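# Topology and contacts: notes
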Amino acid sequence: MAAATILVVEDEPEIRKFLRSSLGAEGYRVVESPTGARASIDAGTHKPDLAIVDLGLPDFDGVEVIRRIRDWSPMPILVLSARVQERSKIEALDAGADDYVTKPFGVGELLARVRVALRHATRPSSGRPLALGTAVVDLEKRRAERNGEPIHLTPVEFRLLACLAKHLGLVVTHRQLLTEVWGPSHAEDTHYLRVYLKQLRDKLEIDPVQPKHLLTETGVGYRLVADD
Amino acid sequence: MKWLGYAWAAAATLACTLVASAIGARFELVNIAMVYLLGVVLIALRYSRGPVVASSILSVAAFNFFFVPPRGTFSVEDPQYLLTFAMMLAVGLIISWLTESVRAQAKAQAGLALEAETERIRNALLASISHDLRTPLAVISGASSSLAERGERLAPEERRALAQGIFTTSREMSELVAKVLQMTRLENGAIALERDWHALDEIAGSVLRRLQERLADHLVMVELPRDLPLARVDGALIEQALGNLLDNAARHTPPRTLIRLRAQASRGELVVSVEDFGPGLREGELEHVFDKFQHGIGLGLAICKAIVALHGGRIWAERIPGVGSAFRFALPLETPPQMPAEAPAQA
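Given the structure is predicted, the values throughout are model-derived calculations rather than measurements. (Residues numbered from 1 in each chain as written. Chains lettered and ligands numbered in written order. Predicted model: local features only at pLDDT ≥ 70, side-chain atom pairs only at ≥ 80, totals over all residues.)

Attention shifts here to the overall build of chain B. Helices and strands together make up the secondary structure of chain B, namely 8 helices and 7 strands. Radius of gyration (C-alpha) of chain B: 36 Å, far over the 20 Å computed for a compact globule of 347 residues. Burial statistics for chain B: of 347 residues in total, 28% are counted as buried. Contacts spanning at least 24 positions in sequence make up 71% of the contacts within chain B whose residues lie at least 6 apart. (Helix = DSSP H or I, 4+ residues; strand = E, 2+ residues; numbered from the N terminus. Rg over C-alpha atoms; globule rule 2.2 N^0.38 Å. Buried ≥ 20, exposed ≤ 12 C-beta atoms within 10 Å, placed from the backbone. Contact = placed C-beta atoms within 7 Å.)

This paragraph deals with the domain arrangement of chain A. All names here are of chain A. In terms of domains, chain A is made up of domain 1 (5–122) and domain 2 (130–224). Using C-alpha coordinates to define each centre, domain 1 is positioned 27 Å away from domain 2. Each partner contributes residues to the interface: domain 1 has 11 residues there, and domain 2 has 9 residues. Mapped by element, the contributors of at least two residues to the side of domain 1 that touches domain 2 are α4 (86–94), β5 (99–102) and α5 (107–122). Considering each element in turn, the side of domain 1 that touches domain 2 owes the most residues, 5 residues, to α4. The class makeup of the residues in the side of domain 1 that touches domain 2 is 5 nonpolar, 1 polar and 5 charged. (Domains from an automatic or database assignment. Nonpolar A, V, L, I, M, F, W, Y, C, P; charged D, E, K, R; others polar.)

Here we come to the interface of chain A and chain B. Counting residues at the interface gives 22 residues for chain A, matched by 30 residues for chain B. Elements with a contribution of two residues or more to the side of chain A that touches chain B: α6 (155–166), α8 (190–204) and β11 (214–217) of chain A. Of all the elements, α8(A) adds the most residues to the side of chain A that touches chain B, at 6 residues. Residue composition of the side of chain A that touches chain B, grouped by class: 9 nonpolar, 9 polar and 4 charged.

Residues and elements named next belong to chain B. At a minimum axis distance of 9 Å, the contact between helix α6 (residues 200–210) and helix α7 (residues 235–251) shows a crossing angle of 55°. As summarised for this structure, α6 and α7 are arranged oblique, according to the angle between their axes. Seen along the crossing, α6 lies across α7 with a hand that is right-handed. Across the interface between the two elements, I203, A204, S206, V207 and R210 from α6 touch G235, I238, E239, L242, G243 and L246 from α7. Of the residues contributing to the contact of α6 with α7, the split by class is 6 nonpolar, 3 polar and 2 charged. (Axes fitted to C-alpha atoms, helices over the stretch in contact; angles between N-to-C directions. Parallel < 35°, antiparallel > 145°, perpendicular 65-115°, else oblique. Left-handed = near helix turned anticlockwise from the far one by under 90°.)

Right, let's talk about the nonpolar core for a bit. For soluble globular proteins, the rule of thumb is that nonpolar side chains tend to be buried together. V9(A), A51(A), I52(A), V53(A), I66(A), I77(A) and V79(A) are the most contacted members of the largest nonpolar core, which totals 57 residues. Taken domain by domain, the makeup of this core includes at least three residues from each of domain 1 (5–122) and domain 2 (130–224) of chain A. Excluding residues that lie within four positions of it along the chain, A51(A) makes contacts with L7(A), V9(A), A43(A), I69(A), M75(A) and I77(A). One finds L237(B), L261(B), A263(B) and I315(B) within the second-largest nonpolar core, a separate group that totals 39 residues. (Core = buried A, V, L, I, M, F, W, Y, C linked by C-beta atoms within 7 Å.)

Further remarks concern the domain arrangement of chain B. Accessible area lost on assembly of the parts is the figure often given for the size of an interface. By domain assignment, chain B separates into domain 1 (2–106) and domain 2 (196–332). Between the C-alpha centres of domain 1 of chain B and domain 2 of chain B there is a distance of 65 Å.

All names here are of chain A. Across the sheet, 5 strands lie side by side as β2-β1-β3-β4-β5; this open sheet has parallel pairing. On the outer flanks of this sheet lie β2 (29–33) and β5, each paired with one strand and no other. Across the sheet, the mean angle separating the axes of adjacent strands is 20° when strand polarity is ignored. The pairing of strand β4 (residues 77–81) with β5 spans 4 bridges and is classified as parallel. Paired with L78 across the strands is D99, a residue of β5. The strands that helix α3 (residues 62–72) touches are β1 (5–9), β3 (50–54) and β4; relative to β3, the one it contacts most, it runs at about 160°. (Pairing = 2+ DSSP bridges.)

Residue and element names in this part refer to chain B. Strand β7 (residues 324–332) sits mainly inside the fold: 7 of its 9 residues count as buried. Sheet topology places strand β5 (residues 269–276) next to β7; 8 bridges connect them, and they run antiparallel. What sits directly across from E275, in β7, is A326. Strand direction decides the pairing type here: strand β6 (residues 314–320) and β7, joined by 7 bridges, are antiparallel. Residue pairing for β7: I320 is matched across the bridge by G324.

Moving on, we get to the sheet that holds strand β10 (residues 171–173) of chain A. Pairing between the strands of a sheet is mediated by backbone hydrogen bonds and can be parallel or antiparallel. Residue and element names in this part refer to chain A. One open sheet accounts for 3 strands, arranged β10-β12-β11; its pairing is antiparallel. At either end of the open sheet lies a strand with only one pairing partner, and these are β10 and β11. Taking each pair of neighbouring strands and ignoring which way they run, the sheet shows an average axis angle of 30°. Two strands pair when backbone bridges link them, and β10 and strand β12 (residues 221–224) are joined in this way by 3 bridges, in the antiparallel orientation. The residue of β12 that forms the bridge with V171 is R223. On the sheet, helix α7 (residues 174–182) packs against β10 and β12 and is oriented at approximately 70° with respect to β10.

Rendered as structure tokens:
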């Protein structure tokens, strides 16, 4: 497979430099856009496989950049956000971004997110059963087992897992989950999620309080991580 | 409260009249006037100009009516008493003006003291920020300059150690800056709670994952009842508060110390505790641990306090005799909303 091309939309030259060298060292081709306006053009001409968008751009909102890319491309989009930008981070995810990395971040964390997002784009849902530690869930056959013993999951629990599995390894916002599993009229009913995630963790995790697979991103959403 | 001054003016005049009539037979009229003057002065010490003028006029009238011949009338035989009247009024007004200016000065001084206190806090903040930032900056610039200038002469593991040091230190610095910013925002009331229903075990799980490295040298024990009710809180802020308590416990106890995270719902409150089996707090430290600048900048616990207060909760520290210390906060619980039960599916 040819090296993936990554579009980096970031106004700070020092951060661009660091992203260029660390992504370059991993064999990715890097295209840099210092402004939101430039990003729309570069996204069209270079046809990148993934975009990394900083939310604090000087000319226009990073969320706007994401909307414009989403209008014509399903490419995975990673958001770089500062800790104080909690709101815009969720807005960006709801506007179509696939995941986020909070500044300051280590390069290991960023590369891991990039790999997950690229993998997700090339082979979306494999249909393979999910390996979750001692538990295995086959979403197509609607079967789940733990330590070889069958366990019972309710239809809603299956739908919730399926929604998370569709974005395996990526964060899914509360709104996305609620709309997809319970319908748009329940988009604000986060307590549904609290109750069902607890049930799922009780059934699938070894230690439900310190889960390894059904992870909470406080204030944002949930992330399903499966074993390879 | 305005009428109160006038009431006292009338009462004082009445009292003076009673005193004066008791002693009147044995003293000169000028000394009787002094009794009235005392009443006016007392009113002037306590009340503003209106009651003072009223008490002067009442005193003059009473003195004139009851004591100045011809008694029982408001007419005056000897014009020298007119001077006495004028003096009483003047003394009353002067005293009232003096006390008012003293009061104004005291007020101004209190304002100045408050300003000085704010200034002192600001200076302490600046001093501790510059101290707490200077050390990591020295580490970063030292390590990065040796990498940049003589990196090729260093062994790979030395290079890695220097780079790792820069990474860790800069992360800590960034956390510190975030805390200062957060404290400022909390103090300025710039943070509006985004309340939502949250499960404490989820928040705890998320904190423990975030602080994995920081807590790696300690033994963390989590004791959360399975049936904790949902709480309507700002999840991100409570996560931060809990994280700061755990971070504080890890920072102030030696490695391998046991840290226990517990929670329970009781009497309409969710009580969350971080207990450590470390050296414990000293006498007198209990009340001040949540103040700013207790340890270096020590904003972590002050932020906890502000977050818990914003939720209408309580936060406190305890000594566990012979064991260590406990930091607890309690948040008011509300009745969680109902949710439709799922029709049991066929297995």
